Each structure stands twice: as structure tokens, then as C-alpha cells.
There are 2 protein chains.
Amino acid sequence: MLEKYIKAARRQIKADLVLKNATYVDVFCGELRHGDIAVVGEKIVGVGEYDGKTEIDCSNLTVVPGYIDGHVHIESSQLSPEEFAKLIVPRGTTTIIADPHEITNVCGIAGCEYIAKASQNLPLDVKIQLPSCVPATPFETSGAILSGKDVESNIKNDYIFGLGEFMNYPGVINCDEDVLKKLEAAHAAGKIIDGHAPAVYGYDLNAYLCGGISTDHECVTKEEIEEKISKGMYVHIRHGSSTQNLGNARYMNERNFRRFILCTDDRHAADLKEKGHIDDALRRLVKEYKTDPVTAVTCATLNAAECYNLKFRGGIAPFWLADLVAVDNLENFNAKYVIKSGKLVAKDGKALFNTSKRYLPENVLNTVHLKKELTANDFIIELKGTRAKVMTIEPGGVVTGCEIEEIKSENGDVSIKGTDLLKLAVVERHKNTGNIGKGLFKGYGFCGGAIGITIAHDSHNIILMGDNNAALAKAANTLKQIGGGMVIVESSGKVHSLTLDIAGLMSSRDAESLQHDSRTLIERAHAMGVKREYEAFMSLAFLSLAVIPKLKLLDTGLFDVEKFTFTDINA
Amino acid sequence: MLEKYIKAARRQIKADLVLKNATYVDVFCGELRHGDIAVVGEKIVGVGEYDGKTEIDCSNLTVVPGYIDGHVHIESSQLSPEEFAKLIVPRGTTTIIADPHEITNVCGIAGCEYIAKASQNLPLDVKIQLPSCVPATPFETSGAILSGKDVESNIKNDYIFGLGEFMNYPGVINCDEDVLKKLEAAHAAGKIIDGHAPAVYGYDLNAYLCGGISTDHECVTKEEIEEKISKGMYVHIRHGSSTQNLGNARYMNERNFRRFILCTDDRHAADLKEKGHIDDALRRLVKEYKTDPVTAVTCATLNAAECYNLKFRGGIAPFWLADLVAVDNLENFNAKYVIKSGKLVAKDGKALFNTSKRYLPENVLNTVHLKKELTANDFIIELKGTRAKVMTIEPGGVVTGCEIEEIKSENGDVSIKGTDLLKLAVVERHKNTGNIGKGLFKGYGFCGGAIGITIAHDSHNIILMGDNNAALAKAANTLKQIGGGMVIVESSGKVHSLTLDIAGLMSSRDAESLQHDSRTLIERAHAMGVKREYEAFMSLAFLSLAVIPKLKLLDTGLFDVEKFTFTDINA
């Protein structure tokens, strides 16, 4: 192949594809240049004046390297990798560092394998990070446990790119044996380890970094960014649906900017479709934060490639991977043409590749297991007295509060009639334990039945909320029946549901039809009272995430995150 | 080991070594910071306030990461790797990218292995590049030939870091089959390829880069640097003994400086001892070229580490390799302490390690092979007429000229008596071919015998110059007898010599005593008339380098570099 590259570079043979008359971003010198960009096979072979078998006129366009998303959970889109690609590739993203943490909590290593195989033939390089913290805590029942030993045996696999965000920072700094085994295994395999260390500073940060961890996407302050970069980390500027820190771009300067990269972490399909992906981050950086556009592009391309050791990627130069995006300008970043590994794969925001044939192995389907059909009695909450701990959501959406309330009981069950309380339940769905964690929630607004979903971070049991025991039971049973997804059961027994067949997290359907149905269901939830400040289903999904304060509900019971131990509902 | 790092980072146990109260260069943010630098084993574990089992007061010192020489031929020092390390480590260099091109031309792969093994236990990381162009041209007789097949079978070895400077750029751009095989093999092994592309521009440069070549150390103009960097290359700023381009630092700016690294390429022992190594480059960059010192240090450390994919090296941060240099200040760069992989290995310019026990395998010794004892008759030059091509040296030292001269002959041999001509001969010493290339040289100044050396780029045959056939023969025979080195034979037959026992290129002796004897011999050559504008022996060594214009002498005959073919002495 080298021979063909070289001959085309010297114009002895025609290039396969030439982007004619392009202004392009030279990320190495930080400048705009002008010329034809010649491509042979998957490589750029030259810039200058070239003829191609195929030519694309880029006279009024600016060409930039394909974007790299430095950290993303595909599952958060609720889409299959194929449909996810269909949304982001036309936006200009050509490489993602994907951490299939969610599906691995449900399906174990089979979840990683699924994401890898489903991505194999896409015009998107999906680099798979082996999730490092499955489950998120040892207190809950997840579909899988990835021990140090499991990491040791899987990290070496060729399809595994590195070790995913190491969220268990207390485990690192306290030298948990199994945690260290995971880190050592990643080093032994020569693979990169992503970090996740919100508000970890000083000696604790030194200790965390001694695990050999390279990146962080949780920075929120200038001081945090400066300390982390000065200690050798790469810092992700994050453009997720709910978690955002684009403003961190203000702390970039000419000396430190090579250590900044972009990521989305968690981004919903609606945002991807309506606003965009890394392109939207670039647009907002340039427009809202006045980031120099060439610098912003460099963060999204060369910097990420350097961080993740992706050689000959992220720049426009001979022998570099022909991942190219022709945009209208460096303000709007509207992608007119997207070239992945030398092939035109999207035009005017539309994918030119077919994703209708999807990879869908048995072992990521039918992942909702209940020991028995649930009944109304399973949702009785019998208090010892009249005071109970009640969960609330703090403004912002993922941190919860704990209030002590006077609660009435009737026939051995709490009576919430006439209050703004609802029952909350987490029904274990992986191991047939029969576990049901139960609690009370205040202020969601829903009334007249039950609402539920099989996405419940990070173990993804069934999480339900409602004012009617029979509806709660029916909601759980329905979710089992449809193989996972979202459900609303009215007090009358009427059921409205949407299936997320892949691990109960994602749908194998088209993005478009899925989103339509999803929106209908969400609107129904709001119509039944869910306050607009909440995301009807996704706010539920975070009520079980026991690594974020304060009070959470696991399948095993109420959990006090600050004390990192279970707590009794009776106050 | 991670456990120990982490505990020390959190100050639960003492660090092994602490550099107390240091000002240090943060290459990530491009700033100076202050604190204690704590080290455990070979790693930095933290910056802050630390206690150590051993502590070094750095109150008045500035600590920088250990320097990386991005491209060097150890052989040019004429020292063994052990003695080379003894000179450069106390200067602050802790990693070198070494291309054993010279010794491999003599000994083949055994030369690479020797450099690797001799370097194994040194406090210096020697990353071995497999020489890519052995021999430099197919027209001469070298000790070894590294074909594409040889590269294929050797590049995969763990001790081989990458493929050395690809000097044969015509071979690359003309798609020479064997050349492409070498490049493909390096890519297949996932190893970096160093470049060497003087004045290669435009489409030829595009083509050269399509070989997948990453670096260049031959840039001389602003335009060349800009083009090479914009096409994705790293550019070495070179601080060799004769080849220098420190001035290229003027073309660094805040946007492109990450693509600049430092190297020495070829540096003599005397310069290393008297002026220094990378430290001297830094000193001169700051003093003469007004380079920002933090930027200069970053080029010599983080930038090189990034270029060569040396992760966790080249910066002062937790988990990064504890290669540290405490210098007096960022102007003089006098190294007070050098720490390599966490161990104090030099203090006040003196090595604290012992190199007296040297690795010296049989297969790099006794490398001078002559078919038979040479006699005066072997050096007769019989011309067809009276006009001959005569070699000269252009100002600068390595480019030669060709002049046509009227030559007298006597008894079937040229007669140079009363002229400023000398006989030049290249005697093949590897394969017992009996080849002797003969020519005439004008203006060297030497008279009264012969002078010779077994260093003759790049095939390293014996190169001799003199005005006396018997002395020329005796010089060759002496070089065989002493196993390689430098020699002067007076017309009287008196011999003065210095042995370079390792491949005829390097000495296994101490730097100090070798230099003393070498200087004595060089001074004797000048005393016998060699003009001061020449380096008595080393100028000779370049008269056979057939990749630099214009007229050169090979063991196979006179060679016209511009026509890239042999040429007859008769004009």
C-alpha cells in the first residue's frame, strides 16, 4: 500500500479522492492553510495541487480533522452503536473512546463484546475501554461483577483499548487490593487508564495519580484544572446532556492547551439529533466562550489523539488517517462532508451508510429476570413508627436530599394519600434474588399509578415510583414481559410502554421512531403530574446511584452515601 | 509497587527520596512551581510537603525533568556506551534515542546488540533504533548489509525501539522495493521511524512522509521547518559537534513549539566533556537565541517523550519516571544533582556510577580484515594521461569539490612531489575483497608520510592519505595490527597510533586517557602540516560519504555523488 500512497503523493498516479481548493486547519502550527487534500485508501497522502478519481469541491468550506470524543457512554443515547453512529458521524465525529460501563453492569464482558462487535463495520472508530468499576459499589446487586481477576484476564484482549474511568477513587487512595490489581493489570498490558476524580486535590490527587491514571472529565474549577494539568493529567472539557463544563475552556492558555480534550460522556439521542455532538461543543466554545476556533479544533483532534496514543490521527498531513470533516465555517461547524478512513460517509448531515442490519446477540437480550410475578403486597412499606426518611432531589438533578417526615400508616402499609409523597422501589432484575428495596420520595408530582424503567444507575435494576401498589407490581411485571424499557401503568391497570431490548438500556430500533415513542411516553408522565423540572424517567434512573450523595435506594435497601452504609427508613 | 507509591503519595509512609524545597519546571502548564518532590522506587509520587528517607536540599536549585536526546550516534563520541553515559548523565541527560548506524555498518546486527547490552545496566535509558540504511549506498563494501528482509526479522525484537533515520529518501520517493519492505516492517511492528530529509520539500516531502516517517533533524530554513511541522513531523533542533541548527529555535512559537525536540546527532567526546550535551544546547538556546527557558526545557523533555511515545516520562508529576535534574538556574543549566529512575547518579558534574566493568563481546573486536599484507605497490596510481580529477573540501567540512589538474607521472605512478596534492586511498577492511579505491586530494597540507583511520563514513573502511606509498601501506597494515583506530606513519617508517578496538570506531578505554592520546595524535598530524581548518582525522572520515556531494572515494573507486555513479580519475 505504501507504494500507492507514495506514487499518488508525487502525482504519478491519481489520488482516490481529492478535497479540492480547501481551506484547512493545520493543527500542528495552529494555522489555516489552503490547498487540495489528496486521499488514497484510508490515508491522506498529500496537500498541494492534486487530481483525484473522485473530487469534492471545498472552495467555500473549511476542512478539519475528524473529531475524537475522548469519553462517552454510548448507552446514554439509548441507541445501538449503529444508530448512535448514524447520529454522530454526520456531525463529524470519527473516533470515540467508549466506556460501555452501563451495559457491562447488566451483561458483564458480553456487554463490552457486543459494543465492540456492533461497532466493527461502522465508519466510526470505537475504542473500547474495559469498565473499571462494575458494580459501582459492593452494596447492590448488579448483573455482573468485574473483579481484579476479571480485569486481568480481559484487559489484554486486542479489542480492549484501555481501562475505563476509575470512579472508585477511594479504592485507589486507600489501596484496596482488588482495585490495585485492576490498575496493575492495565499497566502490565500497556493500556491507558481513564480517570474520574471529582474534587480530588492535593495529596489525595497525588495518590490517585500514582495508580497511573491519565485523564479527568470531572473538573469544575480553575484551581482543579490547573492542579490536574500540572500533575500530568489530560482534562476533558465535557459537553454532556446534563453534565457540562464547556466553561472550563476559559482556563486554556497558549502554554497548557495541549492537555485539553473534548468529550460528551452522557448525551441523549435528542441532543445528538437536535443540537449535535462534538460539533456542538466546538460551536458553543467558539460562540459562547470565545475560544479560538483552531485551538478548539486542536483539542477535539490532535490533543485527544496524543492523549490516547492514536498515532497519525487527528491532523491533516501525509500518512495521517483520512478522517476529515468539511464544515461551512469555523463558527457554525456545520458538517457538509464527512470522510472516514478515506470514504465519504456523510453529506449535509445525512449518513451515507446503512445501519439497518444490526448485530444483536442473544446475550444482551431478555435481561430482565424476576424470581416470581410481583403482586401489590410486594410494595407494602411497614414502618415501625410514624417518622420516616424521605428522599428528595436537589436542584441540578442527581444529588438527592433526605428529609424526615411524619407518615401515616393504614392496614400495615404507609398511606400517602393526600400527600406529595410517592413510593419508590428498586426491584432486582439480574440474579433472581427477589430483592426489592423500598423507600419514599417527596415532590415528584406524579399521581394515578406507577412509572418505571430498567435504567437505574449503575446496576440497572428496575426502578419504580408510584402511588398504587398494584400498579407498581404491574409496572415491574410489564418491564419483565417486554424485556426491559420504560413503562407507565395507570391506576386503572392500563399500560403504556416502550421497549429497550438491549440490556434494558438501549433500543435496537431506529433513532427516529424510538425518539418519537419515547417523547410520547415522557409527555404522558408529565401529563400525569411529573414536574417539568424533572426528566420524567431519567431523573428516576439516578435515584439508585450510590456514589452521589445523599440518600439513595438500592435493591438491597436505603443507602446513606455520605456514611457509605445502609440506613433504616424508620427515623 | 503501586501500593507503596500511593501510601507515600498520601504521606502514610516516607518517600525513598525527597528533593526538598525545589523550584521546578511544570512542563504541562509551562510554569515554575515550588514544593518538595517525593520519589519512591523509580517514580515520582507527589509534589507538596514530603519527608524522605533521603533528602536533598534544593532550596537554591531548579529541578527539571531529565533530558532526552532525540537522535544520537554514540559512536561519534568514539566512546563505549558506558563511557558515553559517564559524560552525558552528569550533564542531565537520562534518555537517548540511539541509532547505532556506524557500528552496524561494520558489525551488522551484532553492533546493535552490543550497544543495547553495553547500555543495559547504565543509569541512562538507551532506546535503540535499528539502522535503516546499511550500507549508505549499494556501491561500496560495508561490513554488513541490512536488507528489507533483515529489517523485517529484527525490527520486532523487544530491544529495538524503532527504525533509525531513513536517509535513503530517494529510495522512499522512488518506491525502491527493499526500502518499502523496511518501512512496512516497521509499521507492522508498530514502531516509530525517524527521518532524515535535508531540503526535501513539496510533493517529494509528501511522498517521503507517506513512508510513515515521523521526524527530521536536517532542517535549515524557516520555510523547511514550517512545511515539515505543518505536515505532521517533529523537528529536532540539533546541537552536534559539526552539525548545528540551534538557530531553528527562532521559528518556534506558542502554537507550534510542541513539535520541536532537541538532539545532538554526532557529538565528540571533547565537546561532551568540555561544553556538555543537551544541557549545553539549553544554555545556548536561552543565552544566544533568547528562547524562553521553560519552553526550551519542554522541548528537551515532554516534547521528545510525546514524539517517541515514552509515556509518563519528561514531566514532574505523580507516577512519572523520576528522571530529574537539579540545576543551578535556567540560564546556566549547571547540573548539581542528576536522578535517574529515582536514584542519585551524578553530583556536581561527576558520575556516581561505576563503568569500569565493560561489556566487550568478541564480535565487535578485531574488525579490520585485509586480504594480504599491503605493500607500497598497492598505492601506485597509473593515469592514462596527464589530467586527473582531484578532490577538495569545501569550506564547512563535509561537502567536497572536484578539480581537474595537470598531473605529472614517474615510473608509472603519479608524482606529487612539489605539489599540494596527496594520495587518498580507501582500503576495504570487512570482506577480504582486496579492494583499494585510489584518488588524489588537494590542499590538506599533510606531508612526510601517511595518516589513516578506520572511521570512514558510512562503511568504515580504512581511509588513508599521504605522500609516500610505503607509509600508506604501513599505515593500513598497522591499523589491521592494532585492530582499528588512528595512525600516523612517518616517511622514516616510525609509527604513532591509537587503537579504537570496538569496531574500529570506538575505544573501550576511559574517556579521559583516550582523549589525551587522541589529542596528542591529532596535534602530531597538524605538526606534520594538516591545516587547522581541517579536523586532522575526522575530516578524512567524511571523504568516503557518498550521499553528500560532490566527489567521494569508495573502496570501489571514485564516485560522483551528483550523478550517483562511479567516475574515472582520468579527466
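Residues numbered from 1 in each chain as written. Chains lettered and ligands numbered in written order. Predicted model: local features only at pLDDT ≥ 70, side-chain atom pairs only at ≥ 80, totals over all residues. Heavy atoms only, no water.

A.B. asks: So what exactly am I meant to see when it comes to the overall build of chain A here?
C.D. replies: Across its full length, chain A holds 15 helices and 30 strands. In terms of overall size, chain A behaves like a compact globule, its C-alpha atoms giving a radius of gyration of 25 Å where 571 residues would be expected to give roughly 25 Å. The buried share of chain A, reckoned over its 571 residues, is 65%. Partitioning the contacts of chain A with sequence separation of at least 6, the portion at a separation of at least 24 is 68%. Only carbon and sulfur atoms are counted for the fraction: they give 47% of the accessible area of chain A, which is about 19,800 Å². (Helix = DSSP H or I, 4+ residues; strand = E, 2+ residues; numbered from the N terminus. Rg over C-alpha atoms; globule rule 2.2 N^0.38 Å. Buried < 20%, exposed > 50% of the residue type's maximum accessible area, 1.4 Å probe, protein only. Contact = heavy atoms within 4.5 Å. Areas by Shrake-Rupley, 256 points an atom, 1.4 Å probe, with all protein chains shown as cover.)

A.B. asks: Looking at this structure, how should I read the packing of aromatic side chains?
C.D. replies: Two aromatic rings are characterised by how far apart their centres lie and by the angle between their planes. Applying the stated criterion to the full structure yields 28 aromatic pairs over all chains. Measuring from ring centre to ring centre gives 6.3 Å for F161(A) and Y308(A), while their planes differ by 45°; the resulting arrangement is tilted. With F161(A) in strand β9 (residues 160–166) and Y308(A) in the loop between α12 (293–307) and β14 (324–327), this pair connects stretches of sequence that are 147 residues apart. Per residue, the accessibility class of F161(A) equals that of Y308(A), and both read buried. Taking the centre distance of 5.4 Å and the plane angle of 80° together, the rings of Y203(A) and Y50(B) count as edge-to-face. Pair noted here: Y203(A) is in helix α8 (residues 202–209) and Y50(B) is in the loop between β3 (43–48) and β4 (52–57), and the two residues belong to different chains. Three or more aromatic residues joined by ring pairs make a cluster, and in this case those are Y5(A), F28(A), F312(A), F319(A) and W320(A). Taking NZ or CZ as reference, K43(A) lies 3.7 Å from the ring centre of F319(A), over its face. The cationic tip of R259(A) hangs over the ring face of Y234(A); the distance from NZ or CZ to the ring centre is 3.9 Å. (Phe/Tyr/Trp six-rings, centres within 6.5 Å; stacked < 30°, edge-to-face > 60°. Lys NZ or Arg CZ within 6 Å of the ring centre and 35° of its normal.)

A.B. asks: Please explain the interface of chain A and chain B as it appears in this structure.
C.D. replies: Accessible area lost upon the coming together of the parts serves often as the stated size of an interface. Chain A puts 65 residues into the contact, and the matching count from chain B is 66 residues. Three residues, Y203(A), R255(A) and R258(A), lead the burial of chain A against chain B; their summed loss comes to 15% of the area buried on that side. Here chain A and chain B share eight salt bridges between them. Viewed at the interface, chain B and chain A are joined by 26 residue pairs in polar contact (both at pLDDT 80 or more). Those elements that provide at least two residues to the side of chain A that touches chain B are α1 (2–9), β3 (43–48), α6 (169–173), α7 (177–188), α8, α9 (222–230) and α12 of chain A. (Buried area = accessible area lost by both parts, 1.4 Å probe. Salt bridge = Lys/Arg side-chain N within 4 Å of Asp/Glu carboxyl O. Polar contact = N/O pair within 3.5 Å; in protein donor to acceptor, adjacent residues only side chain to side chain.)

A.B. asks: Honestly, the side chain of D323(A) in this entry has me stumped. Any pointers?
C.D. replies: All names here are of chain A. Within the secondary structure, D323 is located in the loop between α12 and β14. Among the residues examined, D323 registers a relative accessible area of 4% and is labelled buried. Among the polar contacts made by the side chain of D323, one reaches the side chain of T94 at a distance of 3.4 Å. For D323, the contacting residues outside a window of four places in its chain are V64, P65, G66, T94, T95, D125, R313, I339, K340 and S341.

A.B. asks: What should I look at first to understand the confidence of the model for chain A in this one?
C.D. replies: Low pLDDT means the predicted atomic positions in that stretch should not be read closely. Across chain A, the average pLDDT comes to 96, with 100% of residues at or above 70. Across the interfaces of the predicted complex, the ipTM metric reaches 0.95, alongside a pTM of 0.95. (pLDDT = per-residue confidence, 0-100.)

A.B. asks: Explanation requested: the relation of the copies chain A and chain B in the structure shown.
C.D. replies: Mapping one chain copy onto the other needs a rotation about an axis and a shift along that axis. The transformation that overlays chain A on chain B combines an axial shift of 0.0 Å with a rotation of 180°, and the residual RMSD is 0.0 Å. Viewed as a symmetry operation, the transformation between the two copies matches a two-fold axis. Nearest to the rotation axis, the C-alpha of E254(A) is located 3.0 Å from it, this being the minimum over chain A. Take the interface residues of chain A: 100% of them recur as interface residues in chain B, which is what a same-surface contact looks like. (Least-squares fit on C-alpha atoms with pLDDT ≥ 70 in both.)

A.B. asks: Looking at this structure, I do not really get unusual backbone geometry. What am I missing?
C.D. replies: Residues apart from glycine generally show negative phi values, whereas peptide bonds are mostly found in trans. All names here are of chain A. The step from H457 to D458 runs through a cis peptide bond, and the omega angle for that step is -15°. Relative to the helices and strands, D458 is located in the loop between β24 (449–453) and β25 (462–466). That bond from P549 to K550 is cis: its omega, 10°, falls within 30 degrees of zero. Residue position: K550 is located in the loop between α15 (538–541) and β28 (551–554). Positive phi, normally seen in glycine, also occurs at A199, with a value near 55°. Along the chain, A199 falls in the loop between β10 (192–195) and α8. Unlike most non-glycine residues, N366 shows phi in positive territory, near 50°. Relative to the helices and strands, N366 is located in the loop between β17 (350–351) and β18 (387–393). The exposure class of N366 is exposed, given its relative accessible area of 53%.

A.B. asks: Can you walk me through the environment of I436(A) in this structure?
C.D. replies: Residue and element names in this part refer to chain A. Here I436 lies in strand β23 (residues 436–442). Placed ten residues apart in sequence, I436 and V426 show a C-alpha to C-alpha distance of 5.5 Å. Filtering out sequence-adjacent residues up to four positions away, I436 remains in contact with L374, D378, F379, A425, V426, V427 and D555.

A.B. asks: Looking at this model, I keep getting lost on the environment of R258(A). Mind explaining?
C.D. replies: If you trace the backbone, R258(A) turns up in the loop between β12 (234–238) and β13 (260–263). Under the relative-accessibility criterion, R258(A) is labelled buried at 2%. Distance in space between the C-alpha atoms of R258(A) and F566(A) is 44 Å, their sequence separation being 308 residues. Apart from the residues lying within four places of it in its own chain, the contact partners of R258(A) are Y234(A), N303(A), F257(B), R258(B), T298(B), L302(B), N303(B) and E306(B).

A.B. asks: Is there a simple way to think about helix α13 (residues 469–482) of chain B in this case?
C.D. replies: Residues spaced three or four apart along an α-helix point in a common direction, a consequence of the helix completing one turn every 3.6 residues. All names here are of chain B. The terminal C-alpha atoms of α13 lie 20 Å apart, and with 14 residues this matches the ideal 20 Å at 1.5 Å per residue to within 8%. On its buried side, α13 packs onto β21 (413–415), β22 (421–427), β24 (449–453), β25 (462–466), β26 (485–490) and β27 (495–499). The residue sitting at the N-terminus of α13 and contributing the capping side-chain oxygen is N468; that oxygen lies 3.0 Å from the backbone nitrogen of A470. Of the residues one or two after α13, G483 is the one with positive phi, at around 80°. (Expected span 1.5 Å × (residues − 1).)

A.B. asks: What exactly am I supposed to notice about a negative patch on the surface here?
C.D. replies: The grouping of E152(A), D176(A), E177(A) and D178(A) at the surface amounts to a negative patch. Given the relative accessible area of 67%, E177(A) is considered exposed. (Patch = residues over 30% accessible without salt bridge, like charges linked within 9 Å, V, L, I, M, F, W, Y side chains within 5 Å. Lys, Arg positive; Asp, Glu negative; His and termini not counted. Charge placed at Lys NZ, Arg CZ, Asp CG, Glu CD.)

A.B. asks: Help me understand the sheet that holds strand β7 (residues 93–98) of chain A in this model?
C.D. replies: Strand pairing in a sheet is mediated by backbone hydrogen bonds. Such pairs are either parallel or antiparallel. All names here are of chain A. An order of β6-β7-β8-β9-β10 is seen for the five strands of this open sheet, with the pairing classed as parallel. Each edge of the open sheet is held by one strand with a lone partner, namely β6 (67–72) and β10. Taking the axes of each pair of neighbouring strands and ignoring which way they run, one obtains an average angle of 30° across the sheet. Looking at chain direction, β7 and strand β8 (residues 125–130) are connected through four bridges and run parallel. What sits directly across from A98, in β8, is I128. The strands that α7 touches are β9 and β10; relative to β9, the one it contacts most, it runs at about 145°. (Pairing = 2+ DSSP bridges. Axes fitted to C-alpha atoms, helices over the stretch in contact; angles between N-to-C directions.)

A.B. asks: Help me understand the pairing of strand β7 (residues 93–98) of chain B in this model?
C.D. replies: Side-chain positions along a regular strand alternate between the two faces of the sheet. Residues and elements named next belong to chain B. Most of β7 is tucked away: six of the six residues are buried. When strand β6 (residues 67–72) meets β7, the two strands line up parallel, connected through four bridges. By the bridge assignment, I68 is partnered in β7 with T95.

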